[in-house]
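Spelled out, the chains give:
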Amino acid sequence: MNFKQLIENYRDDMIQDLQDLIRIPSLNDEANATKGAPFGVATQEALEWFLNKAASDGFDVDNVDGYAGIASLGDFKESIGILGHLDVVPVGEGWTKDPFGGEIENGILYGRGSGDDKGPTIAAYYACKMLKDLNLKQKKKVELIVGVDEETGMRCMDYYKAHRQAPSQGFVPDAAFPVIYGEKGILNIKLSGKQETVIKQMVAGERPNIVIGKASVTISAMHNPEKLDYYCKTHQIKASAVQNGPYSTITFEGSSAHASMPEKGLNAAYHALNYVGATYNDALANNLATLSKGYLGEGLNILFQGVYMGFLTANLGMVRIENGEFSVVIDIRYPNDLTHEKILETIQTKVNNVDSKIELSVVALKEPHFVDPRSELVTVLSDVYQAYTNDYFTPSLTMGGGTYARTLPNFVAFGMNFVTRKLPEGVGHAHEKDEGILIDDLVLASAIYAEAIYRLAYENS
């Protein structure tokens, strides 16, 4: 069955639905949470849009108390699950497109969530819809499950698992092809305390899982133009300063990226701390810069390379300094052959050596996720990818990002980013400005998902 040809009949509807979904600014807003909308009105609006769409297309739908939604086909004991999410990360700065506009230009559909994860979820949805319309004979139930708290802790999946029967296996369209069979552990630590400092105020970063692209620091000292210019030239970063009486506000401009790939960004907050520490001989700024140095965790002395998952990474994701009180959050992604206990032990030793008054605490912890790359699930998905792309060279992969796959034992991440080709210049990836996807990739991914679901859940496949 040629799903690649059949999916073309759904192209226009797929594009329109993705545009409509992107136009819902589904950011976490727990400050305005209500019953049935635990993460705010906007995420609930996106969830209701999905459920209404699925119901009108003839799926069985289930609203899991506003935490998740399910669109299902068939009624069998065993089931295949596809897990997507409708919430998005904050917009950030520097966009040239409307982040919630769903604009199309030169075959690119732009918008926050287009790549992570509304686009891939729509691709999976239309794969299910096409299979439903074909009225093929199933042997397993098919469930498309969407959550609304993936970017801020995956509590939606915790609630879903506690209140519904989870599928026995499946995939998550929230990463890259061919197959992601392993995800690094995620450890968020906080370094906090109180100390005299030249810094009057510094608030940078909204989430630990984003490399801070812009950071301002206000200090109780005079701006030194020559030293700032020298620092920027030697560190290849842009900065500007404003003097307001006895205070200087210095703004560094780096570049944002996903914390799972911090090497693709330039952390403005680290450079703000490093500059203030060096220029004004400030102990707090020096210490925090020392500990947060390097995207491989060099500052924390946790440099490590795993057999399957590669290097541990670290990202300074949030900084809060005011009236001498400080806290910074560092996002650490670690391979499956390293334990979080060992990491914390090493960090505590380094922190004590730098400044024993700094307190170390754990903000979040998710253990590494690993599925045998020789398993039937990984093999089937890999075969489908190869059949539809003729890419027989790219191996199955592991990654530092965290997807819903880690919440269930026999799930892997599967697309929809095609690693064999790059996005055009100026098009952002997940969590970046001007996030966008190739429409042709959206359609091809949908065909791949249809084939994968067909092989896993249908008779005579």
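Residues numbered from 1 in each chain as written. Predicted model: local features only at pLDDT ≥ 70, side-chain atom pairs only at ≥ 80, totals over all residues. Heavy atoms only, no water.

A.B. asks: For this particular structure, what's the right way to read the packing of helix α10 (residues 376-389) against helix α11 (residues 439-457)?
C.D. replies: For any two helices packed against each other, the geometry comes down to the angle between their axes and how far apart the axes lie. Where α10 meets α11, the closest approach of the two axes is 10 Å, and the angle between their N-to-C directions is 140 degrees. With respect to α11, the element α10 is oriented oblique. The way α10 lies across α11 gives a crossing that is right-handed. Side by side, α10 and α11 meet where Leu377, Val380, Leu381, Asp383, Val384, Ala387, Tyr388 and Thr389 of the first sit next to Leu444, Ala447, Ile448, Glu451, Ala452, Arg455 and Leu456 of the second. Of the residues belonging to the contact of α10 with α11, the class tally is 11 nonpolar, one polar and three charged. (Axes fitted to C-alpha atoms, helices over the stretch in contact; angles between N-to-C directions. Helix = DSSP H or I, 4+ residues; strand = E, 2+ residues; numbered from the N terminus. Parallel < 35°, antiparallel > 145°, perpendicular 65-115°, else oblique. Left-handed = near helix turned anticlockwise from the far one by under 90°. Contact = heavy atoms within 4.5 Å. Nonpolar A, V, L, I, M, F, W, Y, C, P; charged D, E, K, R; others polar.)

A.B. asks: In this structure, what is going on with the environment of Asn209? I would like to understand it.
C.D. replies: Structurally, Asn209 is set in the loop between β11 (199-204) and β12 (214-219). C-alpha of Asn209 to C-alpha of Val89: the two residues are 120 residues apart in sequence and 9.4 Å apart in space. Not counting residues up to four positions away in its chain, the partners in contact with Asn209 are Glu151, Ala257, His258, Ala259, Asp331, Arg333 and His431.

A.B. asks: When you look at the sheet that holds strand β4 (residues 104-105) in this model, what are you seeing that I'm missing?
C.D. replies: Sheets are built from strands paired through backbone hydrogen bonds, the pairs being either parallel or antiparallel. The three strands are arranged β4-β5-β24 in an open sheet whose pairing can be described as antiparallel. Each end of this open sheet is capped by a strand with a single partner; those strands are β4 and β24 (436-438). Docked against the sheet, helix α2 (residues 11-22) engages β4, β5 (108-110) and β24, running at close to 25 degrees with respect to β5. (Pairing = 2+ DSSP bridges.)

A.B. asks: Is there a simple way to explain the side chain of Ser192 in this structure?
C.D. replies: Inspection of the secondary structure puts Ser192 in strand β10 (residues 185-194). For Ser192, a relative accessible area of 14% corresponds to the buried category. Ser192 has contacts with Phe326, Ser327, Lys357, Ile358 and Glu359, leaving out every residue within four places of it along the chain. (Buried < 20%, exposed > 50% of the residue type's maximum accessible area, 1.4 Å probe, protein only.)

A.B. asks: When you look at the pairing of β10 in this model, what are you seeing that I'm missing?
C.D. replies: Side-chain direction in a regular strand flips from residue to residue, so the side chains alternate between the two faces of the sheet. The buried count for β10 comes to seven of 10 residues, which makes it a mostly enclosed element. Both β10 and strand β18 (residues 325-334) contribute to a ladder of 10 bridges, which runs antiparallel. Its bridge partner lying in β18, Ile189 is registered against Ile330.

A.B. asks: What is the right way to look at the state of the cysteines in this model?
C.D. replies: Cysteine pairs can be covalently joined through their sulfur atoms, and such a bond is termed a disulfide. The tally for this structure, following the rule as stated, stands at zero disulfides. The thiol of Cys128 is not disulfide-bonded; the next cysteine sulfur, from Cys156, is found 18 Å away. (Disulfide = S-S within 2.5 Å.)

A.B. asks: Honestly, the packing of aromatic side chains in this entry has me stumped. Any pointers?
C.D. replies: Each aromatic ring pair is summarised here by two numbers: the centre-to-centre distance and the angle between the ring planes. Scanning all chains against the criterion turns up 22 aromatic pairs. Summarising the aromatic geometry, the rings of Tyr181 and Phe370 are spaced 5.7 Å apart at their centres and angled 80 degrees between planes, so their arrangement reads as edge-to-face. Taken together, the residues Tyr181 in strand β9 (residues 180-183) and Phe370 in strand β20 (residues 369-370) connect sequence positions 189 residues apart. Centroid distance Phe252 to Tyr275: 5.8 Å. Interplanar angle 55 degrees. Geometry classified as tilted. On the criterion of sequence distance, the pair formed by Phe252 in strand β14 (residues 247-253) and Tyr275 in helix α7 (residues 268-279) is long-range, its members being 23 residues apart. When sorted by exposure, Phe252 lands in the same class as Tyr275, which is buried. Among the aromatic residues, ring-to-ring pairing joins Phe171, Phe177, Tyr385, Phe414, Phe418 and Tyr449 into one connected group. The ring of Tyr110 carries the charged tip of Lys97 above its face, separated from the ring centre by 5.0 Å. (Phe/Tyr/Trp six-rings, centres within 6.5 Å; stacked < 30°, edge-to-face > 60°. Lys NZ or Arg CZ within 6 Å of the ring centre and 35° of its normal.)

Function cannot be inferred from these measures alone, as they are strictly geometric.
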